[in-house]
Amino acid sequence: MSYLAKNYNRKKISFVRGKGSYLYSTNGKKYLDFVQGIAVNSLGHAHPKLVKVIKDQSKKLWHVSNAFQIPEGEKLAKKLCQKTFADYVMFQNSGAEATEAAIKVARRYFYSIGEPNKNRILCIKNSFHGRTIAAIFASGSKKMTEGFGPKVPGFDHINFKDTKPRFPNLRKKIKKNTAAIMVETIMGEGGIKPIPNKCLQYLRKICSQKKILLILDEVQCGIGRSGDFFAFEQSRIRGDIVPIAKGIGGGFPIGAVLMNKKVAAGMIPGTHGSTFGGNPLAMAVGNTVMDIVSSKKFLRNVKKLSKYFLLNLNLLKEKYPHMIKEIRGRGFLIGLQLYQDQSKFIKKLMDKKLLTIRAAENTVRILPPLNVKKKEIDQALKIIDKVCADFK
Ligand SMILES: *Cc1c(COP(=O)(O)O)cnc(C)c1O
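What this report covers is the structure whose coordinates are included nearby. (Residues numbered from 1 in each chain as written. Predicted model: local features only at pLDDT ≥ 70, side-chain atom pairs only at ≥ 80, totals over all residues. Heavy atoms only, no water.)

1. Looking at the layout of surface pockets
Quantified by volume, the second largest pocket comes out at close to 690 Å³. Considering the residues around the second largest pocket, the lining is formed by 24 residues, among which N66, E74, V89, M90 and F91 are closest to the centre. Elements with a minimum of two residues in the lining of the second largest pocket: α3 (71-83) and β4 (88-92). Looking at which element gives the most residues to the lining of the second largest pocket, the answer is β4, with 5 residues. Residue composition of the lining of the second largest pocket, by class: 12 nonpolar, 11 polar and 1 charged. (1 Å grid on protein atoms, 1.4 Å probe; cavity = no way out; pocket = protein on both sides within 12 Å on 5 of 7 lines; lining within 4 Å. Points joined across faces, edges and corners; volume = space filled by probe spheres on them. Helix = DSSP H or I, 4+ residues; strand = E, 2+ residues; numbered from the N terminus. Nonpolar A, V, L, I, M, F, W, Y, C, P; charged D, E, K, R; others polar.)

Written out as structure tokens, the structure reads:
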């Protein structure tokens, strides 16, 4: 029997070790891992540079309080700011913490300019921002909030219809007390749905016009996953506040909120804190991930290989038009939407040693490491082709 709480429906498999794109199970089988901890292990398993840095740093210093200077954190914050829109960074440990801290930054900004009543956050219905009490009510999903009332106030919702060129009724939803719009640039859990560029540009325009803030949740789609360092770069806009997590730690828990100078002015000493956030061990790993992932050459390769992958997945869609409804996503954040429930399909892929994971709306989520090799993509394509052919 298991003493773990039953909040997960776990597959009956466990692993002893990983190397690059592969995982080795306790019963001696080798799997191509296209889950990678749900977009977390951006450089695959046991990347030699990450192994080295964690070993070296662990001999020197793991943790000190944020009451002291942490040079490793200064370094990572500087890199994140120099590579992006951001002027300041606040480190956390996870995605949910980062999205919650993003909400705090937005509210605190309006408080600090004498508009404390401007505090409501407009989100997309059934989006995903994490599992903390505020984050579930931000997403407004019935499944996630059921039984966890009372409802956390302060969130309003718009619907996402990716068939529409832009959000209808958005202007009506922005009230006098709206502080920010918060969206995932690419909806991950929701089925790998990128918000179209035109739509993002429209959001940016409205936020600027109405003098409210744009929070772009890049926890899943950020840090090179989309082929650009941030997914929003494709639409040539920028957010005011951007929570990140997953990929930046390469498997080590790190979260962060990136923000511009204007909104950062509200975050004076004492307004936010985190015991573990930004500790030397985490920051040493984060710096190494950042150095690799943010390089132009690395991102160019993500773009090139993901284009190849998407092209071939679309060929499979043409080959099995009654099976595959749509191939969605950008870079290595890929959704393969079926016409039917995806559980059996995912099981069959796993039987053939390819690991994938579900997302909403019959979607099979495919998340290779960002440094995946072409021959590993070919191997995955072959398995997907076979499962499609065998599927009844
Ligand atoms: C995973 C995810 C989160 C939550 O991250 P945790 O580390 O699980 O708390 C928030 N936002 C998005 C878009 C995510 O994909």
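From this point, the narrative continues.
2. Remarks on the site of the ligand
Near the ligand the following residues occur: S94, G95, A96, F128, H129, G130, E184, D217, V219, Q220 and K246. Between an oxygen atom of the ligand and a main-chain N or O atom of A96, the distance comes to 2.7 Å. Within the backbone of F128, one N or O atom sits 3.4 Å away from a nitrogen atom of the ligand. Contact with the protein chains hides 82% of the accessible area of the ligand, taken as 380 Å² for the molecule alone. (Near = heavy atom within 4 Å. Polar contact = N/O pair within 3.5 Å; in protein donor to acceptor, adjacent residues only side chain to side chain. Areas by Shrake-Rupley, 256 points an atom, 1.4 Å probe, with all protein chains shown as cover.)

3. Here we look at the pairing of strand β14 (residues 333-338)
Counting buried residues along β14, 6 of its 6 residues qualify, which places the element largely inside the surrounding structure. Here β14 shows a buried face lined by L333, G335 and Q337 and a second buried face lined by I334, L336 and L338. Direction of pairing for strand β13 (residues 324-330) relative to β14: antiparallel, over a ladder of 6 bridges. Note on β14: the bridge partner recorded for E326 is Q337. Between β13 and the antiparallel strand that follows it, β14, lie 2 residues; G331 among them carries a positive phi value of about 60 degrees. (Buried < 20%, exposed > 50% of the residue type's maximum accessible area, 1.4 Å probe, protein only. Pairing = 2+ DSSP bridges.)

4. Concerning unusual backbone geometry
G149 connects to P150 through a cis peptide bond whose omega is 5 degrees. For P150, the position within the fold is in the loop between α6 (142-145) and β6 (155-158). One non-glycine residue, K211, lies in the positive phi region at around 55 degrees. Topologically, K211 is positioned in the loop between α8 (197-210) and β10 (213-217).

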